[in-house]
Structures are given as C-alpha cells and as structure tokens.
Amino acid sequence: MADRSQSCAGEIDHPPATEVRVAREGDLTAVRDVVNWAIENTHYNFHAEPLGTAHWRAEWAAGHERHPWLVAERAGEVVGVAYAGRLKARRAYDWAVETTVYVSHLHHRRGVGRVLYGVLLPILEAQGFHTAIGVIALPNPGSVALHERCGFVAAGELPRIGWKRDRWWGVGHWQKMLQHETHVPEEPLSVAAALRRLDLEEPA
Ligand SMILES: CC(C)(COP(=O)(O)OP(=O)(O)OC[C@H]1O[C@@H](n2cnc3c(N)ncnc32)[C@H](O)[C@@H]1OP(=O)(O)O)[C@@H](O)C(=O)NCCC(=O)NCCS
C-alpha cells in the first residue's frame, strides 16, 4: 500500500468547487487549449508548436482504457487534465507510469492540480501500477511543489537536454512508489476495473 500520509488529500478552500471526472472525447478541445497555452508561453512542455485536437484524440483513444485520463471542472468549465501513460514500451516497464497534469493558467494555485492527482494516484494504485514518475522541465516551482505535495520525491535531473525559447533546459524526475517494495506484480487492471474497485463512476 502507498503511504497515505504522503497523499494529496486536504481541504480545498477556493470556490467554486473543483469536480474531477473521467475524461471524455468531447473534453479534448479544452485539454488542447490548456496545454497549448503552456506550449506557446513556457518551457514546461517541450513541443515547439501548438498541438491539434487530432493529436489528443489519438493519444486518448490509444491510452485511456489502460491508463486513467481525468479532467477537472470548475463551474462547468474544463480547467485541467491529468493523465498517465507508459514510461517506456518494454516489458519490464509495464508497471511504471509517467503522470502528467496541466491546469489552465487562469486557475493556478486553487488546488486543481492537487485534486486531480488526488484522484489519479489512487486509481493507478488500485490498478496495480508500481510507481509513478513526473517528468518536469526545470525550473518549474509549481510542478515541483505539486509533485512533492503528493508524495513524489526527486529522483535525478538531466541537465541541459532541451532547447526551447533560445536556451537549454534541464529535466528532473520525481518518483512516487504506489506499492510496497516487495510487491510481486500481476497484470495491471484496466481503468474500468479500478474504478469499480474504488466505487467511482465510469463515464457515460
Ligand atoms: C503545475 C500545475 C499543474 C500545478 O497546478 P495547480 O492547480 O496550480 O496547483 P495546486 O493549486 O493544486 O497546488 C499544489 C501545491 O503546489 C503549490 N504550488 C502551486 N503552484 C506553485 C508555485 N508556482 N510556486 C510554489 N508553490 C506552488 C501550492 O501551494 C500547493 O501546495 P499546498 O497544497 O501545500 O498549498 C500548474 O501550475 C500548471 O498547470 N503548470 C503548467 C503546466 C505544468 O507545468 N505542468 C506540469 C508538467 S510536469
């Protein structure tokens, strides 16, 4: 079992309420817009050009049954996304996931990222994944704070590996163990099976 004392749980006192639910295909234009803002205005995402909805549709379609994709809504508007994906496509990595979270720049520091990870990480744990990795282009104080708040620990930096906005950026890895060290893995459960196990709602 993961160390629950190192979870993202906690009071959220920034109304309106943040609702987290499983992402649907119709959410992907909002996801595109949230991430494109970061692509166009920051070094946090290493894409050089904005991504189209087709990119997100392909990623979501290929991944969402094996790895959770969640969105956060505030007052009926999708303002954030969190999802997991394969770390590497080799058998021994089957129990490791890379986790990603983006929150609209208009809604930062209101607990949205924490609420998203607060749902995503227990789903991954229930699926039987062993470890989650956040890959963070540095510096990024918001992402580092979110990951450490949710129990991830620094696990090494690759300096100067990305060129964007006319300079080199390093990338740090933050790791959270989701199971005991001695856990002998079975095949990870599907997202749907984990949602049932957690008594969470499946998408309509
Ligand atoms: C990183 C990101 C997802 C954080 O989401 P958020 O909704 O703003 O974060 P939260 O409000 O849930 O904050 C989580 C914790 O981090 C802290 N934090 C958030 N932004 C911070 C910042 N810029 N500086 C310092 N601490 C920060 C909060 O105080 C909070 O800690 P607390 O619960 O102990 O008070 C958001 O800033 C973002 O989308 N950034 C751009 C994209 C990005 O970098 N994504 C991550 C890629 S790895």
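Coordinates for the structure precede this section.
Reference entry: report on the structure contained in this document. (Residues numbered from 1 in each chain as written. Predicted model: local features only at pLDDT ≥ 70, side-chain atom pairs only at ≥ 80, totals over all residues.)

**Here we look at the overall build of the chain**
Looking only at helices and strands, the chain has five helices and seven strands in total. Helices and strands in the chain line up, N terminus first, as β-α-α-β-β-β-α-β-α-β-β-α. Overall, the C-alpha framework of the chain stretches about 45 × 40 × 35 Å when taken along its three principal axes. For the chain, the proportion of its 204 residues judged to be buried stands at 31%. Considering only intrachain contacts with a sequence separation of at least 6, the fraction spanning at least 24 residues in the chain is 67%. (Helix = DSSP H or I, 4+ residues; strand = E, 2+ residues; numbered from the N terminus. Buried ≥ 20, exposed ≤ 12 C-beta atoms within 10 Å, placed from the backbone. Contact = placed C-beta atoms within 7 Å.)

**What to know about unusual backbone geometry**
Of the consecutive residues Leu138 and Pro139, the connecting peptide bond is found in the cis state with omega at 0 degrees. For Ala75, which is not glycine, the phi dihedral falls at a positive 50 degrees. Within the fold, Ala75 resides in the loop between β2 (69-74) and β3 (77-86). By C-beta crowding, Ala75 is classed as exposed, having 10 other C-beta atoms within 10 Å. Backbone geometry places Asp166, a non-glycine residue, at a positive phi of 65 degrees. Position of Asp166 among the secondary structure elements: in the loop between β6 (153-164) and β7 (167-177). Note on Asp166: 5 C-beta atoms within 10 Å, which makes it exposed.

**Examining the sheet that holds β6**
What the seven strands build is an open sheet, ordered β1-β2-β3-β4-β5-β7-β6; its pairing is mixed. A strand with exactly one partner marks an edge of an open sheet, and here the two such strands are β1 (18-22) and β6. Pairwise comparison of adjacent strand axes, ignoring direction, gives a mean angle of 25 degrees for this sheet. Here β3 pairs with strand β4 (residues 96-103) via seven bridges, running antiparallel. If you follow Tyr83 over to β4, its bridge partner there is Thr100. In the packing of helix α1 (residues 28-41) onto the sheet, the strands contacted are β2, β3 and β4, and the crossing angle to β3 comes to about 80 degrees. Along the sheet, helix α3 (residues 112-127) makes contact with β1, β2, β3, β4 and β5 (131-138), crossing β3 at roughly 35 degrees. (Pairing = 2+ DSSP bridges. Axes fitted to C-alpha atoms, helices over the stretch in contact; angles between N-to-C directions.)

**Describing α3**
Taking 1.5 Å per residue, 16 residues should reach 22 Å; α3 reaches 23 Å between its end C-alpha atoms and fits that length. Burial analysis of α3 places 14 of its 16 residues in the buried class, the great majority of the element. At the exit of α3 stands Gly128, carrying a positive phi of roughly 100 degrees. (Expected span 1.5 Å × (residues − 1).)

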